[in-house]
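Structural features, examined
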Amino acid sequence: MRTLFSVLLVAALVTGAASAGQAQLNVALGQPTLVAGLKQTTFLKVGLTGFVFDSATVRPAVNVALVLDKSGSMSGEKIVKAREAAIAAIERLGPNDIVSIITFDTTVNVLVPATKLTDKDAMRAAIMQISAGGNTALFGGVSKGAEEIRKFFDKNRVNRVILLTDGQANVGPSSPAEVASLGASLKKENISVTTLGMGSDYNEDLLVQLAAKSDGNHAYIKSPNDAVRVFNSEFAEVLTVVAQEVCVKVQCAEGIRPVRVLGREAEIAGQTVYVQLQQLYSNQEKFLMLEVEIPAGEEGRNREVATVSVNYANMATKTTDKLSSTVSVSFTKSVAQAEKNENKVVMVDAIEQVAVHVNEKATALRDAGKTEEALKEFKENAVSLKKAGAKYSSSKLSAYVLDNEEATKNLAPDKWGGYRKGNLEDQYSRSKQMKKRSDD
Amino acid sequence: MKRRQFIIFLLIVVTPLALIGWLGWRVTRDEQDVLRHRTAELLASQLKENDKTIASLLQENQRKLTALTELSTYDADALRQLTRSTPLARQVFLLDQKGGVLHPPVLGAMLESERDFLRRTRRLLLDKDLIHAPSGESKTGVGSQGWHVWYWENGLNLIFWRRLENGQTIGVELEPGRLVADIIARLPETDPKSGGPASSIALIDSNGGQVYRWGLHSPEANELPRASVALSAPLHSWHLDYFLSGAQFDSSLQSSTLLNLGAVLTISAIALLALAFYFFREHSREALEAAQRVNFVNQVSHELKTPLTNIRMYAELLDERLPDDSADSASPVRRYLGVIVSESQRLSRLIANVLTFAQQQKNALSLYRKPASADEVIRATLEHFRPAFESKSVDVKLDADADAVVQIDPDALGQIIANLFSNVEKYGASGGMMFIESRQSGGRITIVVADCGPGIPDSESQRLFKPFERLSNKLTDGVTGTGIGLTIARELARLHGGDLILEKSESGARFKLWIESGTPSEMESRQATVERAIAPATAVSPDLNIMKEPQ
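Quick word on the overall build of chain A
Check the secondary structure of chain A and you find twelve helices and 16 strands. Counting only residues that meet the buried cut, chain A has 50% of its 440 residues in that class. Within chain A, contacts between residues separated by at least 24 positions form 76% of all contacts whose residues are at least 6 apart in sequence.

What follows is the structure, encoded as C-alpha cells:
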C-alpha cells in the first residue's frame, strides 16, 4: 500500500508541475492479508478521484441538450417548476457552453437548436413558451437531443443529454430494453444521459436503464418544488467534470479469477476485466468493486493479484493520461492478523455494494409479487448491514440499515409504487457513487 | 293559360338549372377525384423523400461499417475493441468459411454480453444464413457485403455482413435502439409554428407499432393514412404513413366545390330567371299589342260596316229607280252604278270575313239557323259575283239540286260560298269556267265548286286552310288579301257539322263543301243562347230587308 501511494505521489508531483492535475488511482484489496491454505474471495477496489481545477484553469465547456417532457401530465405546477429549473440551469452556464432545448409530447420539437449560449434572454424566452399537452414521445426526444449534441460534438466538452420526464413513454419505442440499447450506444459516443423523473408516474426502470447504460446520473424529483435544486446539483456536477472516457482495465494475475463487478457494467473475459466510465468529477471518487477468487496460498508468501491500468481524457490538459498500479496479497496463518490488516474503507464500500445488490434482488422479488420473500431479504440485509456497521463502526452502513428497514414497511401495494422510485434512485446513486443530492 | 305559362317557366328555368347542377356536380366530383389522386401522389412523393433520407442513412452506415471492419487482425481483442468503440454496433462477430463461429470465442473466455449474443442469434448462426446468402442477393448488398434482416425480440434487427478476402465473414449486429434513434434524428421534427394544413407522418415498424411521428395533426386511432409508402430494403417491412387532418382536407375540398357549384347555380338561376322574365314580358307585350290590333281592326270594321251598307243600299235603290229606258246595259250610268254596287259588296264580304275571324278567335262564333234553301243562297251569292265573273269572262255552270228549305244559317253558308267564289275569281279566272253543283240528301247538303284554273299543288292543300300567324303583324295585312277566307269558310262548315275540303281533280281547284241541316228544336235552343255579334254582310241578309231607306 505504502509503495503504491508513493508511486502515485511521485507521479502526481511530476505531472502536477506541468498540468492542472491528474486523477488519483487508488487500488486496494479489502483483505490485503489472507489466511493461508484456503481458497477464498475478497474485494478489489479500483478508486478514481477527480482532481480539483486550479483557479487558473478554465473549466471545460459543456454541450448540453435539455430534453423536456411537456406532455399533458406535466401541466400545472410541474411545467412551471421545470421551466424555472431549466432557466436556473441556464444561468450557471457561460458563453462558451452549447445548449439546445428539445421538448416532446406526442411529437418532438427542437425548440432551440444547439447553439452557443451567448443570448441567455432568448433562451429564457424560449423556455417560458413551453406549455404542456399531449402524449410522451420520450425516445424521439432523446434521439433528437443526442443529434443536437452531435452537431457540436467535441471530446473536450462535457456532452450530456438531460432528460426530464414525469410519465410513461407511450409514443415510439418505450420499453426499458429499447431505451437501454440507445443508452449503451450513446455511451460509446461519449454522450451520457442524465434522467430526472418527476412525480409518481414515470417509469423508473426505463430512466434508470437509460442513465445506467449511458453512465449518466439519475434522480427522483418527488415534488415539483425540488426541480430547481436537482437541476442545480446536476449542472454543478456537469461543470466539474475533469476527466472523460475513463477506461479501466484490470488484468488479473495467473490463477486469480475475477468473479463479478458489483454495481457497474463490466466486461469480464478470462483474466481481464474491462470497465468504462463516462467521466470523473472534481474531488469525487468513483470506484469499481471487483470480487476476486484467490487460490490457497502459503504462509509468508506474497502473490500478485492484479495490474490495473487506466487511461482517460484529461479535460484540463486535453491530453490522454495513463495511470497504472499493481496490487498484491500476502498470506498469514493468523486469522486475527488477517482481520487486523483489513482495509476498512474498502470493506465498508464492498459491503455497501453487496447490500445494494441484495436490495436489488429483494426489489425484483417484490416486483414479481413475492412479497414474503422480499420482506425476508430486506430484513436479512438490514441485519447483516447492522452487524457490519458495528464491526467497522461505519455510519454509512448504519444509515443503510434504516433504508432497508424502511423498505420492509413499504411493501404494501399502495406504498410500493412511490417507495420504489426513491429506492431505485438510492440504489443507483450508491452503485454509481453519485453525490448525495441532499448534500447540496 | 296560367298553367301553360307556369310549365313553360319551369322548362325554361328549372330544366337548365337541373342540368347545370347535375353537370356541375359531375365535374366537381371528377375534379375532387383528380384532386384526391393528385394529393395522394404528392403525399407519396413526400414520403419517398423521407424514405430516401432513411435509405441514405443506411448506405452511410454501410460505408462506415465497411471501413470499420477493415482490421489488421481479426483476433478477439480487436473485435471486442470494435464492439466497444462503435456506437452503431451491439456485437461484432466473425464466422469461418463454413459458417462456424470464430468470434465470440465459443471455447474461450466469453463476456456475458457475448453469451447473450450467441443465445439470441443461435438460430441465425445455426442456419448459416449469412454464409449461404450468395453475394449481392436479395440483401441489398454490393459485392460481398450487405444487410441481413432478422426478426427477434422487439422486431426487426439488422446485421451488416462482409466477406473477407480469406473467405471468413465479419458481421456487425446493429444496436437496434441506435438505428431507430438515428432514423429519428434524420427525420424532421414537429415545428409548432409551421403553417399549412395540419398533417403528420408516422414511421411504422413491422409490428405495426409507431416508431416516430412528426407534424401537427394527431390522427385518431382508426384514422386511415392518406398515403403510405414502404421503406426501401432492408427496412422494407416498415412503412411511412401520411396523415392529413380529415375534416380539414375534406371540408376544404368539399366546401370549395360546393361553393363553386352553388355560385354557378345561383348565377345561372338569376340569368335564367331574368331571361324567362324578359321573354314573358315580351310575350305579354306582343300578345297585348296583337289583341289591341285585332280590336282595332274589329272596331274599324264595325265602323265601316254601317256606312258601307248605306252606300250599297242607296246604290241599289238608285239602280232600281233608273228609268227603264236606260235599261241598256251599255249605258254608262248603269255601268258605273254596277261597279259601285259590286265593289261595295266586295268590301262587305271582306269586313264580314274580318269580323267572323275575330269572333272565331274569341271562340264566340255561332250559327243562326233559320229555314232557308241552299240553292237560293247559291244563286243570290252568284248574283253578286256576276259582274266580276263577266268582266273576267268566267263562264258559270250551275247544277243546282238542293232547293228544299231546311234549317241552316244562310248568312254563314253565303259567306262560305262567297269565299269560294272569290277564290275562283282571284286565282281560277284564267280557266274561264266555274262549275257549281249542289245536292241534298237527308239532312246533308253537298256543294262542289270547281274551276279550270292552274289548280293548287297537293303540298299546299293542308296549308291552304291555315290562317296566317295569329300573333304576327301580318294579321292586318292579311285581311286585304285572302289569308283568312278559306279558314273562315272551313270553320263555318264545321260549325254546321260538315267540312270543307280540297278535292283532287285533273285540272283546276275543286272544293267540296257539306253541311248538316239542324232540326227545328236544335235551332230554337241555339237561338236562345247565341247572341250574334255581327250581322251577316251578304246581300241576302234579312237585316237588309228591315233597313229603312233613310229620309
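Points about the confidence of the model for chain B
Residue and element names in this part refer to chain B. Counting all residues, the mean pLDDT for chain B is 80, and 84% of those residues have values of 70 or more. Note on residues 469-480: pLDDT under 50 across the span, and 19 contacts to partners over four residues away in sequence or across chains. Note on residues 520-551: pLDDT is under 50 here. Beyond four places in sequence and across chains, it has 43 contacts. What the predictor reports for the complex is a pTM of 0.69 with an ipTM of 0.86.

Regarding the interface of chain B and chain A
Often the size quoted for an interface is simply the accessible area lost on bringing the parts together. Contact with chain B, which involves 26 residues of that partner, is made by 26 residues of chain A. Taken together, the elements giving at least two residues each to the side of chain B that touches chain A come down to α5 (176-186) and β7 (210-215) of chain B. Sort the elements by how many residues they give to the side of chain B that touches chain A and α5(B) lands first, with seven residues. Tallied by class, the residues present in the side of chain B that touches chain A amount to 13 nonpolar, eight polar and five charged.

Concerning the sheet that holds strand β13 (residues 433-441) of chain B
Residue and element names in this part refer to chain B. If you trace the five strands from one edge of the open sheet to the other, you get β11-β13-β14-β16-β15, paired in mixed fashion. Strands with a single pairing partner mark the edges of an open sheet, and in this sheet they are β11 (395-401) and β15 (499-503). Here the strands of the sheet are splayed against their neighbours by 15 degrees on average, with no regard to which way each runs. Along the sheet face, helix α9 (residues 410-428) touches β13, β14 (444-451), β15 and β16 (510-516) and points at about 15 degrees away from the line of β14.

Thoughts on the sheet that holds strand β15 (residues 302-314) of chain A
Residues and elements named next belong to chain A. Judged by pairing direction, the sheet is mixed, and its six strands sit side by side in the order β2-β16-β15-β10-β13-β12 without closing on themselves. Of all strands in the sheet, those bounded by a partner on one side alone are β2 (33-35) and β12 (267-269). Direction aside, neighbouring strands of the sheet carry axes that sit 20 degrees apart on average. The pairing of β2 with strand β16 (residues 319-332) spans three bridges and is parallel.

Considerations on the nonpolar core
Formed by 172 residues in total, the largest nonpolar core has its most connected members in A:Val67, A:Val161 and A:Leu290. Take this core: its biggest share by element is eight residues, from helix α9 (residues 344-367) of chain A. Not counting chain neighbours up to four residues away, the residues in contact with A:Val67 comprise A:Ile102, A:Phe104, A:Gly141, A:Val142, A:Gly145, A:Val161, A:Ile162 and A:Leu163. Core analysis: the next-biggest nonpolar cluster, separate from the first, contains 42 residues, B:Ala358, B:Ile416, B:Ile445 and B:Ile484 among them.

Comments concerning the packing of helix α8 (residues 374-391) of chain B against α9(B)
Residues and elements named next belong to chain B. Direction vectors running N to C along α8 and α9 enclose 35 degrees, while the axes themselves pass 9 Å from each other. The two elements α8 and α9 meet at a crossing, and its hand is right-handed. Seen from α8, the contacting residues are Ala374, Val377, Ile378, Ala380, Thr381, Phe385, Ala388 and Phe389; seen from α9, they are Pro410, Leu413, Gly414, Ile417, Ala418, Phe421 and Glu425.

Cut-off values and rules
- Residues numbered from 1 in each chain as written.
- Chains lettered and ligands numbered in written order.
- Predicted model: local features only at pLDDT ≥ 70, side-chain atom pairs only at ≥ 80, totals over all residues.
- Helix = DSSP H or I, 4+ residues; strand = E, 2+ residues; numbered from the N terminus.
- Buried ≥ 20, exposed ≤ 12 C-beta atoms within 10 Å, placed from the backbone.
- Contact = placed C-beta atoms within 7 Å.
- pLDDT = per-residue confidence, 0-100.
- Nonpolar A, V, L, I, M, F, W, Y, C, P; charged D, E, K, R; others polar.
- Pairing = 2+ DSSP bridges.
- Axes fitted to C-alpha atoms, helices over the stretch in contact; angles between N-to-C directions.
- Core = buried A, V, L, I, M, F, W, Y, C linked by C-beta atoms within 7 Å.
- Left-handed = near helix turned anticlockwise from the far one by under 90°.

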